[in-house]
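The chain contents come next:
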Amino acid sequence: MIDLIANLWPTILIALAIGLATGWWIWGGAKDEGLFEAENDEPVAFVPPPLELEPETAVQPAPTPFPAPEPPVEADPEPEPSIVANVAEPEPEAELEAEPETMPEPATPVEPEPEAEPEPEPELEPEPVSEPAAPSPFLSAPEGEPDNLTRIKGVGPKLADLLNSLGVFHFRQIASWNDAQVTEVDSHLDTFKGRIARDRWVDQAKLLDARNVAAFEREFGKLNGPI
């Protein structure tokens, strides 16, 4: 009730003012009418009618304007749960300690490589000139009358016959033998092998072929018969 009166007190004051004005107007009119009748008749005491106030309910208060409805506040949609939020954040990598800066070493000048000299072409060795084959130390037959080979120290009749069978007949033939021919003849002497070098057949044959008996006997001893 108190809240209703507190809200409607301006209306009540207006209604009270209207009632007072109406009563004043009625009271003034009746007073003038009574004075008029008093002049003609006996004065009649004028009893003002009781002032009837309109019930409070008769006064319709001015409707209080309702505030404009506020637009509904749209609730912010709840953020969907982020899958990324469930993913464990990677641990921050440990910062690597900064290595001390090293001063670059001065670049050493690169010396140009010496140009490779062309390799000299290999000199072709001259092919060895094959020496003409040494003549055979043997003869197919005696050239003239054969010499008596038993005059050579170390050659007896049996060895002389062997030499004749091989093709050895003359002192000059034996005196011209080289090392290769000596080796060849020596390979055919069987049990007499080595006698040519040991008894110096080539040196004896040179003196006998020159018929130098004195030098022969001085070198090899007395000759055992005529040449």
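Predicted model, so just to flag it, every value in this text is computed and none were measured.

A. Here's a closer look at the pattern of salt bridges. All chains considered together, the criterion is met by five salt bridges. Of the charged contacts in the structure, one is a salt bridge between aspartate 199 and arginine 195, with a shortest N-O distance of 3.3 Å. With its nearest N and O atoms 4.0 Å apart, the salt bridge here joins aspartate 199 to arginine 198. Here arginine 198 falls in the exposed class, since its relative accessible area comes to 58%. Within the structure, one salt-bridge network assembled from shared partners comprises Arg195, Arg198 and Asp199.

B. The arrangement of the packing of aromatic side chains in detail. Using the criterion set out here, one finds one aromatic pair in the structure. Both rings, one in phenylalanine 216 and one in phenylalanine 220, keep their centres 5.4 Å apart while their planes meet at 40°; by these two values the pair is tilted. One end of the pair, phenylalanine 216, and the other, phenylalanine 220, are both in helix α8 (residues 213-220), four residues apart, so they sit about a helical turn from each other. This pair shows no difference in class: phenylalanine 216 is buried, exactly as phenylalanine 220 is.

C. Spatial organisation of helix α7 (residues 201-209). Those residues of α7 that fall on the buried side of the exposure criterion are Trp201, Val202, Gln204, Ala205 and Leu208. Taken around the axis of α7, the buried residues stretch over an arc of 160°, which confines them to a single face. Taken together, the buried residues of α7 touch α3 (157-166), α4 (171-175), α5 (179-186), α6 (195-198) and α8. The positive-phi residue at the C-terminal boundary of α7 is arginine 211, with phi of around 55°.

D. Representation of the nonpolar core. Grouped together as the largest cluster of nonpolar side chains are 24 residues, with contacts concentrated most on Leu149, Val155, Leu163, Ile174, Trp177 and Trp201. Where this core is concerned, the elements lending two or more residues are α3, α4, α5, α7 and α8.

E. Spatial organisation of the confidence of the model for the chain. The pLDDT averaged across the chain works out to 75; a share of 57% of its residues lies at or above 70. Confidence over residues 34-41 falls short of pLDDT 50; this stretch has two contacts with residues more than four positions distant or in other chains. Across residues 55-59 the pLDDT falls below 50, and counting only partners more than four positions away or on other chains, this stretch makes four contacts in the model.

F. Representation of the packing of α7 against α8. The contact between α7 and α8 brings their axes to 8 Å, and the two run at 155°. Considered as vectors, α7 and α8 are oriented roughly antiparallel to each other. In this structure, α7 crosses over α8, and the sense of that crossing is left-handed. Contact residues: α7 offers Asp203, Gln204, Leu207 and Leu208, while α8 offers Ala215, Phe216 and Phe220. By residue class, the composition of the contact of α7 with α8 is five nonpolar, one polar and one charged.

Calculation criteria
Residues numbered from 1 in each chain as written. Predicted model: local features only at pLDDT ≥ 70, side-chain atom pairs only at ≥ 80, totals over all residues. Heavy atoms only, no water. Salt bridge = Lys/Arg side-chain N within 4 Å of Asp/Glu carboxyl O. Buried < 20%, exposed > 50% of the residue type's maximum accessible area, 1.4 Å probe, protein only. Phe/Tyr/Trp six-rings, centres within 6.5 Å; stacked < 30°, edge-to-face > 60°. Helix = DSSP H or I, 4+ residues; strand = E, 2+ residues; numbered from the N terminus. Arc of directions from axis to C-beta. Contact = heavy atoms within 4.5 Å. Core = buried A, V, L, I, M, F, W, Y, C linked by side-chain atoms within 4.5 Å. pLDDT = per-residue confidence, 0-100. Axes fitted to C-alpha atoms, helices over the stretch in contact; angles between N-to-C directions. Parallel < 35°, antiparallel > 145°, perpendicular 65-115°, else oblique. Left-handed = near helix turned anticlockwise from the far one by under 90°. Nonpolar A, V, L, I, M, F, W, Y, C, P; charged D, E, K, R; others polar.

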